[in-house]
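Fold and contact review
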Amino acid sequence: MTFTLLGFDLARYVHETLAEDLGEGLAGGGRDVTSESVIPADARFAGVMDTRDAICVAGLPIARAFFHALDPQMSIEILVEEGARVPAGTDLMRLQGNARAMLTAERSALNTVQHLSGIATLTRQYVDAMDNPACTLLDTRKTIPGLRVLEKYATRMGGAANHRMGLWDAAMIKDNHVLVAGSVGEAVRRAVDAGVKEIICEVDRIDQIEPALAAGATRLLLDNMEPDVLRDAVAIVAGRVPTEASGGINLDTIRAKAATGVDFVSVGRLTQSAPAADIGLDFTPL
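Scoring rules and cut-offs
The written sequence of each chain sets the order in which its residues are numbered from 1. Local features in a predicted model are, by the rule used here, given only for residues with pLDDT of at least 70; side-chain atom pairs are given and counted only at 80 or more, and totals for whole chains, interfaces and linings are based on all residues. Side-chain metrics rest on all non-hydrogen atoms present in the structure, leaving aside hydrogens and water. Strands qualify as paired when DSSP identifies two bridges or more between them. Numbered from the N terminus, helices here are DSSP runs of H or I no shorter than four residues, and strands are runs of E no shorter than two. Axis angles are defined between N-to-C directions and span 0 to 180 degrees, where every axis is a line fitted to C-alpha atoms and, for a helix, only to the segment in contact. Here the word oblique covers every angle except those under 35 degrees (roughly parallel), over 145 (roughly antiparallel) and from 65 to 115 (roughly perpendicular). Should the near helix be turned anticlockwise from the far one by less than a right angle, the crossing is left-handed, and should it be turned clockwise, the crossing is right-handed. Whether two residues are in contact is decided by their heavy atoms: any pair within 4.5 Å suffices. The classification used treats Ala, Val, Leu, Ile, Met, Phe, Trp, Tyr, Cys and Pro as nonpolar, Asp, Glu, Lys and Arg as charged, and all other residues, Gly among them, as polar. Each residue is assigned to one of three classes by its accessible area relative to the maximum for its type, calculated with a 1.4 Å probe on protein chains only: buried under 20%, partly exposed between the two thresholds, exposed over 50%.

**Topic: the pairing of strand 1 (residues 44–51)**
With 7 bridges connecting them, strand 1 and strand 5 (residues 91–98) associate as antiparallel partners. Note that in strand 5 the partner of G47 across the bridge is L95.

**Section: the packing of helix 3 (residues 60–70) against helix 4 (residues 99–130)**
Where helix 3 meets helix 4, the axes come as close as 8 Å, and the angle between the chain directions of the two elements is 165 degrees. As the angle between them shows, helix 3 and helix 4 are arranged roughly antiparallel. Read as a crossing pair, helix 3 and helix 4 show a hand that is right-handed. Two secondary-structure elements touch here, helix 3 through L60, I62, A63, F66, F67 and L70 and helix 4 through A101, M102, T104, A105, E106, S108, A109, T112, V113 and L116. Here the contact of helix 3 with helix 4 is composed, by residue class, of 12 nonpolar, 3 polar and 1 charged.

**Some points on unusual backbone geometry**
Most of the time, phi is negative for any residue but glycine, and the peptide bond is trans. We note that D131 has phi near 50 degrees; this positive angle belongs to a residue other than glycine. Within the fold, D131 resides in the loop between helix 4 and strand 6 (136–138). Judged by relative accessible area, D131 falls into the partly exposed class, the value being 47%. The backbone phi angle of A238 is positive, close to 50 degrees, even though this residue is not glycine. Within the fold, A238 resides in the loop between helix 9 (227–237) and strand 10 (243–246). Exposure remark for A238: the relative accessible area of 58% places this residue in the exposed category.

Below is the structure:
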């Protein structure tokens, strides 16, 4: 089954990642020196990818693409579904094919699965800590350049929803925009006059709420507010637009902030600070 994500070119990602590892275009590059010198060209391996941590799984179809890029005939069985929560010791994938191809693709495949599963796992921890089906966890644009589509895919596998994918799909008016425009209301009015349909406006004070709404904001981002202030803000908004709590939210504070009645809680740590999952790949010669 082909793995597709809007805005993500899997074949290009695999090619460029392998080319980087192989040193294509560099003097003496374009090959896996170790595998070529040690492993016979016709040698075959069986392999098992497993997790040493309890994780939420993300990225296995991408790992498969790395191996198939170097050995299209490789037999690959993905053993768990994307987004599944599995205990430590779970086998994730079985492979059988050309040994050199397996060894050359191994690190690129593992790096991807470890990184994305780490994001999905941390995201699931935040969803569990929030413990509030009436509130939706959101990611942010705090992603590694070039990996945003993949990292935001991983947050979805962990149970979050995506905030803006980029600068193009919604206006988000923050303090620097307000500084230039002169006020929250004026900044929002300029976005409205420009024909922007979705206008998220950050407010960090209660007195900014009504001007933002009057000017046409379609969502309010309530920034760095404590739970009691968030409750007051939600009461003032009274359901006129969705509300989002943001800023300094961690596993210890997310439940209290989500319980204030906000519709969303956004957390930059999901992609900015997620540790890689401990996932390995063991081979057996055939």
